[in-house]
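So the chains spell out like this:
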Amino acid sequence: MDARDKQLLRSLRLELCTEVLVDGLVIQYLYQEGILTDSHVQEIKSQTTSQRKTMMLLDILPTRGPKAFDAFLDSLQEFPWVKDKLMVKRKEMTVQDPADTERDTNKRGQLNFLEASQTPGSIAKFGE
């Protein structure tokens, strides 16, 4: 799993724990796709609450290879709103806002202008 997807799961961890019940189709699908092993499934099922089960899955997923995040998205058939949110957030993390780049360029340009204009007497002229 790439760093962006790991960060995404980490940033939405508490929300995912309250919205996703992994005990049903989610872990079975991930097992079927080879993302989880039998021991992972048993470890998740042994957790006492639904939230702990989801936390355990979120702890395991980042270690399960490059296909783990996409398989997790596919497993969320019962939770389409969660899948949609993850996909939107993932896209936001991938595409940098062009306005941010433009603002950074302007800041650098302004700094260079200010530095260049600070010659002896230029500050006095500016104030006149």
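Before reading on, note that the structure itself is shown above.
All figures in this text were calculated on a predicted structure; none of them were measured in a lab. (Residues numbered from 1 in each chain as written. Predicted model: local features only at pLDDT ≥ 70, side-chain atom pairs only at ≥ 80, totals over all residues. Heavy atoms only, no water.)

I would appreciate a short explanation of helix 7 (residues 80–94) in the present structure.
Each turn of an α-helix holds 3.6 residues, which means side chains three or four residues apart point in the same direction. With 15 residues, helix 7 ought to run about 21 Å at 1.5 Å a step, and its terminal C-alpha atoms sit 21 Å apart, in line with that. The complete set of buried residues in helix 7 reads V82, L86 and R90. An end-on view of helix 7 places all buried positions within 70° of arc, on one side of the element. Looking at the buried residues of helix 7, the elements they touch are helix 1 (3–11), helix 2 (13–19) and helix 6 (68–75). (Helix = DSSP H or I, 4+ residues; strand = E, 2+ residues; numbered from the N terminus. Expected span 1.5 Å × (residues − 1). Buried < 20%, exposed > 50% of the residue type's maximum accessible area, 1.4 Å probe, protein only. Arc of directions from axis to C-beta. Contact = heavy atoms within 4.5 Å.)

Even after reading the chapter, I still don't get the environment of V20, so can you show me in this structure?
Relative to the helices and strands, V20 is located in the loop between helix 2 and helix 3 (25–32). The exposure class assigned to V20 is buried, which follows from its relative accessible area of 1%. Put simply, V20 and Q51 are 31 residues apart on the chain and 8.2 Å apart in space, counted from C-alpha to C-alpha. With sequence-adjacent residues up to four places away left out, V20 is seen in contact with V26, S50, T54, L76, F79 and V82.

Help me out: how do you make sense of the side chain of D5 in this one?
Within the secondary structure, D5 is located in helix 1. Relative accessible area serves as the criterion here: at 3%, D5 is assigned to the buried category. Among the polar contacts made by the side chain of D5, one reaches the side chain of R4 at a distance of 3.2 Å. When near neighbours in sequence (up to four residues on either side) are disregarded, D5 contacts F69 and R90. (Polar contact = N/O pair within 3.5 Å; in protein donor to acceptor, adjacent residues only side chain to side chain.)

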